[in-house]
Amino acid sequence: MRVRIWGTRGSYPVANASMLRYGGNTTCVEVEAEDHHIILDAGTGLRMLGEALRQSHAPPNRFDLLITHTHWDHIIGFPFFAPLFDPNSKIDIYGLARTQSSLRTTLAGALSDPLLPLTLDDLRAQINFFEIGAGHCLELGPVRVRTALANHPYRALAYRLETDQGVLTFIPDTGPFHTVLFGEQRIEWTGQPTARSQSELRELAAMKEAILELAYRADWLIYDAQFTDAQYARFPHWGHSSASQAREIAEAAQVRQLILFHHDPHRTDAELDQIVAEQQAAAVPGLIISAAFEGMELARKP
């Protein structure tokens, strides 16, 4: 299994000289196992992936796209993915089943007038939609996939991809699991992020347990670290974690390498360097901590 990161930012893409090393595109990760291509999220990094595939010697024409959720930064690259315009391409898209709108309807709405001058019908690839939920298991070629629910506004999925050559857990958007429980609604910030009932606290504990199980002894844990601890204290209702909260999850799940992800769009390369150094110094022995950067490749050594 080979993993390559194409987009690392959260919220919106950035172009800034102080952010070149870690990159400015939003979330997109490619997983290649044997001849199978799986894509995690469709942020602006997806456009770069599509161009690289188009220029390759033998471009693939079969993809599985796993979407954590449909906030803009996770789907904004979708209509610019080159294989979508190839009639020989087949793309299966998986995402969270919701009550408000189907996955197909949501993506179709993002591709319609007045937002874009094209529709799903203009795309030439064969596209299939599959709505899944927490605890879902499926096999995509040689890759075994499991899901869990992340703690994020309007819900988001987390994914575990497992082969005999390695295990990747992908949790790009989640808050911690101690105070604020997100559902299918906006959290009204009152200045005090406390759960409203004992049942919510039990649900948070169960959600955390499922996330830890999803990440257990993974080779690589790509995890939401958009905030500093000070930022989280100001914005707990945004559904993101701090780097230290990500490290705590990685330690509890006994992962081999934690890859900080979903970087704040204002976070510079130098600031990310400092965050990585601080978290590595605080980590338990044996845990490797790094920050995701565009072009980063992950492969387990034999």
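Residues numbered from 1 in each chain as written. Predicted model: local features only at pLDDT ≥ 70, side-chain atom pairs only at ≥ 80, totals over all residues. Heavy atoms only, no water.

Colleague: Even after reading the chapter, I still don't get the nonpolar core, so can you show me in this structure?
Modeller: Nonpolar side chains in soluble globular proteins tend to end up buried together. Ranked by size, the top nonpolar core spans 32 residues in total, and within it Ile-211, Leu-221, Tyr-223, Val-255, Leu-258 and Leu-260 carry the most contacts. Mapped onto this core, the elements with two or more residues apiece are β10 (166-171), α4 (198-215), β11 (220-224), α6 (243-253), β12 (257-261), α7 (269-282) and β13 (288-291). The biggest single contributor to this core is α4, with six residues. Residues Leu-66, Tyr-94, Leu-168 and Ala-292 belong to the second largest nonpolar core, which totals 28 residues. (Core = buried A, V, L, I, M, F, W, Y, C linked by side-chain atoms within 4.5 Å. Buried < 20%, exposed > 50% of the residue type's maximum accessible area, 1.4 Å probe, protein only. Helix = DSSP H or I, 4+ residues; strand = E, 2+ residues; numbered from the N terminus.)

Colleague: Quick question: what am I supposed to make of the sheet that holds β12 here?
Modeller: Each strand in a sheet pairs with another by means of backbone hydrogen bonds, the pair being arranged parallel or else antiparallel. What the seven strands build is an open sheet, ordered β7-β8-β9-β10-β11-β12-β13; its pairing is mixed. Edge positions in the sheet fall to β7 (137-140) and β13, since each of these pairs with one other strand and no more. Pairs of neighbouring strands in the sheet enclose a mean axial angle of 20°, with direction left out of account. As paired elements, strand β9 (residues 156-163) and β10 share five bridges and run antiparallel to each other. Across the sheet, residue Arg-160 finds its bridge partner in β10, namely Thr-169. Along the sheet, α7 makes contact with β12 and β13, crossing β13 at roughly 170°. (Pairing = 2+ DSSP bridges. Axes fitted to C-alpha atoms, helices over the stretch in contact; angles between N-to-C directions. Contact = heavy atoms within 4.5 Å.)

Colleague: What's the story with the packing of α6 against α7 in this structure? I'm lost.
Modeller: Two measures define how a pair of helices packs: the angle their axes make with one another and the distance between the axes. The contact between α6 and α7 brings their axes to 10 Å, and the two run at 35°. Taken as a pair, α6 and α7 cross one another with a handedness that is right-handed. Along its contact with α6, which presents Ala-243, Ser-244, Arg-247 and Glu-251, the element α7 presents Ile-275, Gln-279 and Ala-282. Here the contact of α6 with α7 is built from residues that sort into three nonpolar, two polar and two charged. (Left-handed = near helix turned anticlockwise from the far one by under 90°. Nonpolar A, V, L, I, M, F, W, Y, C, P; charged D, E, K, R; others polar.)

Colleague: Is there a simple way to explain the packing of aromatic side chains in this structure?
Modeller: Given two aromatic rings, one states the distance between the centres and the angle between the planes to describe the pair. All told, the structure shown has six aromatic pairs when counted by the stated rule. Residues Phe-63 and Phe-81 carry aromatic rings whose centres are separated by 5.4 Å and whose planes lie at 75° to one another, so their mutual orientation is edge-to-face. Here Phe-63 is found in strand β4 (residues 62-66), whereas its partner Phe-81 is found in the loop between α2 (72-75) and β5 (90-96), with 18 residues between them in sequence. With centroids separated by 4.9 Å and ring planes inclined at 20°, the aromatic side chains of Tyr-94 and Phe-130 adopt a geometry described as stacked. (Phe/Tyr/Trp six-rings, centres within 6.5 Å; stacked < 30°, edge-to-face > 60°.)

Colleague: Before we go on, may I ask you to explain the pairing of β10 in this structure?
Modeller: Put simply, side chains in a regular strand alternate between the two faces of the sheet. The buried fraction of β10 is high, at six of six residues. Both faces of β10 are covered, namely the face carrying Gly-166, Leu-168 and Phe-170 and the face carrying Val-167, Thr-169 and Ile-171. Relative to β11, β10 runs parallel, the two sharing four bridges. In the strand pairing of β11, Phe-170 is matched with Ile-222.

Colleague: Looking at this model, I keep getting lost on α7. Mind explaining?
Modeller: One turn of the α-helix equals 3.6 residues, which is why residues spaced by three or four share an orientation. For α7, built from 14 residues, the straight-helix expectation of 20 Å at 1.5 Å per residue is met to within 8% by its first-to-last C-alpha distance of 20 Å. Within α7, the full set of buried residues consists of Asp-269, Leu-272, Ile-275, Val-276 and Gln-279. Down the axis of α7, the smallest arc covering the buried residues is 120°, so these residues share one side. Seen from the open side of α7, the exposed residues pointing more than 90 degrees away from its buried face are Ala-270 and Ala-281. Contact partners of the buried residues in α7: α6, β12 and β13. (Expected span 1.5 Å × (residues − 1). Arc of directions from axis to C-beta.)

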